[in-house]
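Remarks on the overall topology
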Amino acid sequence: MRYNEKELQALSRQPAEMAAELGMRGPKKGSVLKRRLVKLVVNFLFYFRTDEAEPVGALLLERCRVTREEPGTFSISFVEDPERKYHFECSSEEQCQEWMEALRRASYEFMRRSLIFYRNEIRKVTGKDPLEQFGISEEARFQLSGLQA
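Residues numbered from 1 in each chain as written. Predicted model: local features only at pLDDT ≥ 70, side-chain atom pairs only at ≥ 80, totals over all residues. Heavy atoms only, no water.

Per an unreviewed UniProt entry, the recorded name for the protein is Pleckstrin homology domain-containing family J member 1, and the organism is Saguinus oedipus.

Here it is in structure tokens:
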């Protein structure tokens, strides 16, 4: 994927939906658990060394799976390479649940599905398409036919 490094760094400084110090282990064999400041901004999960302002890396949360591992831990893997997992360790089971839910809701596809669902619910109640006022109601990305189950 192509990206602009300066724009990504600027995005990492934006207010986070969630942020916490978590244990994190990368996908490489022999990788050890390290404390990282983990920050969810829109659909990016940035991770930082705890004493640095610039991110060490970022995960784009698209076409990914968030999976419970052991109690208090979860992993993120991607459809293209499901064996390559990033592991995270939380301080409590409650924190783990909160992170897993937030990460699952962060993808563009989740937001798109939610928009289509609520669009149809509003249409049932009011008889009007709420997207018409924005001139985007006919765009393919907002159609049910484009929605994959």
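Read on, since the account is not over.
1. Re the nonpolar core
Soluble globular proteins: nonpolar side chains tend toward being buried together. Selection rule: The set of buried Ala, Val, Leu, Ile, Met, Phe, Trp, Tyr and Cys residues whose side-chain atoms join them within 4.5 Å is what this entry labels a nonpolar core. Accessible area is worked out with a 1.4 Å probe on protein chains only. A residue is then buried under 20% of its type maximum, exposed over 50%, and partly exposed in between. Each helix is a run of H or I in the DSSP string that is no shorter than four residues. Each strand is a run of E no shorter than two, and both are numbered from the N terminus. Whether two residues are in contact is decided by their heavy atoms: any pair within 4.5 Å suffices.
Residues L45, F74, I76, F88 and W99 are the most contacted members of the largest nonpolar core, which totals 23 residues. In terms of residue count, helix α2 (residues 93–105) provides more of this core than any other element does, 5 residues in total. Beyond its immediate sequence surroundings of up to four residues, F88 is in contact with L22, G23, M24, V38, L45, L59, G72, T73, F74 and I76. In this structure, L8, F44, F46 and F48 belong to the second largest nonpolar core, which totals 5 residues.

2. Details of the environment of R13
What counts here: Under this definition, polar contacts are N or O atom pairs within 3.5 Å; protein pairs additionally need one hydrogen-donor-capable and one acceptor-capable atom, and for neighbouring residues in sequence, both atoms have to be side-chain atoms.
Its place among the elements puts R13 in the loop between α1 (5–12) and β1 (18–25). Excluding anything up to four places from it in sequence, R13 contacts K39 and E54. A distance of 3.0 Å separates a polar atom in the side chain of R13 from a polar atom in the side chain of E54.

3. Quick word on the UniProt feature "domain: PH" (unreviewed entry) in the protein
For the record, the criterion: UniProt positions are given in the numbering used here, feature names are shortened, and annotations may be inferred rather than shown by experiment.
Here the UniProt-annotated "domain: PH" (unreviewed entry) positions come out as residues 15–108. The span residues 15–108 shows a helical share of 15% and a strand share of 49%, and its end C-alpha atoms are spaced 18 Å apart.

4. Comments concerning the sheet that holds strand β7 (residues 81–89)
Short version of the rule: Any two strands are treated as partners once DSSP identifies two or more bridges connecting them. Convention adopted: a line fitted to C-alpha atoms gives each axis, helices being fitted over their contacting stretch, and angles between N-to-C directions are expressed from 0 to 180 degrees.
Pairing within the open sheet is antiparallel, and its 7 strands lie in the order β4-β3-β2-β1-β7-β6-β5. Strands at the two margins of the open sheet, each flanked by one partner only, are β4 (57–60) and β5 (64–68). Averaged over all neighbouring strand pairs, the angle between strand axes comes to 35 degrees, with direction disregarded. Each of β1, β2 (34–41), β3 (44–49), β5 and β6 (73–78) is contacted by α2, which is oriented at about 165 degrees to β5, the strand it contacts most.

5. Digging into the pairing of β1
One ladder, built from 7 bridges, connects β1 with β2; its direction is antiparallel. Paired with A20 across the two strands is V38, which belongs to β2. Strand direction decides the pairing type here: β1 and β7, joined by 3 bridges, are antiparallel. Residue R25 lies in a different strand from β7, and its bridge partner there is H87.

6. Here's the deal with helix α3 (residues 108–126)
Put simply, the test is: To estimate the expected span of a helix, count its residues, drop one, and scale the result by 1.5 Å. It is the directions from the helix axis to the C-beta atoms that the arc portrays.
Spanning 19 residues, α3 covers 26 Å between terminal C-alpha atoms, matching the ideal 27 Å at 1.5 Å per step. Those residues of α3 not exposed but buried are R112, I116, R119 and N120. Considered in projection along α3, the buried side chains sweep an arc of 90 degrees and stay on one side of the axis. Turned more than 90 degrees from where α3 packs its buried face, Y118 and V125 sit exposed. Of the residues trailing α3, G127 is marked for its positive phi of about 80 degrees.

7. Examining the packing of aromatic side chains
We apply this condition: Side-chain rings of Phe, Tyr and Trp (the six-membered ring for Trp) are treated as a pair once their centres are within 6.5 Å; stacked means planes under 30 degrees apart, edge-to-face means over 60, and tilted covers the remaining angles.
Evaluated as defined, the whole model comprises 3 aromatic pairs. Ring geometry for F44 against F46: centres 5.7 Å apart, planes inclined by 25 degrees, an arrangement best described as stacked. Assessed through its relative accessible area of 0%, F46 is described here as buried. Relative to F88, the ring of F74 lies with its centre 5.1 Å away and its plane at 15 degrees, an arrangement referred to as stacked. Of this pair, F74 sits in strand β6 while F88 sits in strand β7, and the two are 14 residues apart along the sequence. Here F74 and F88 have matching classes, each one buried.

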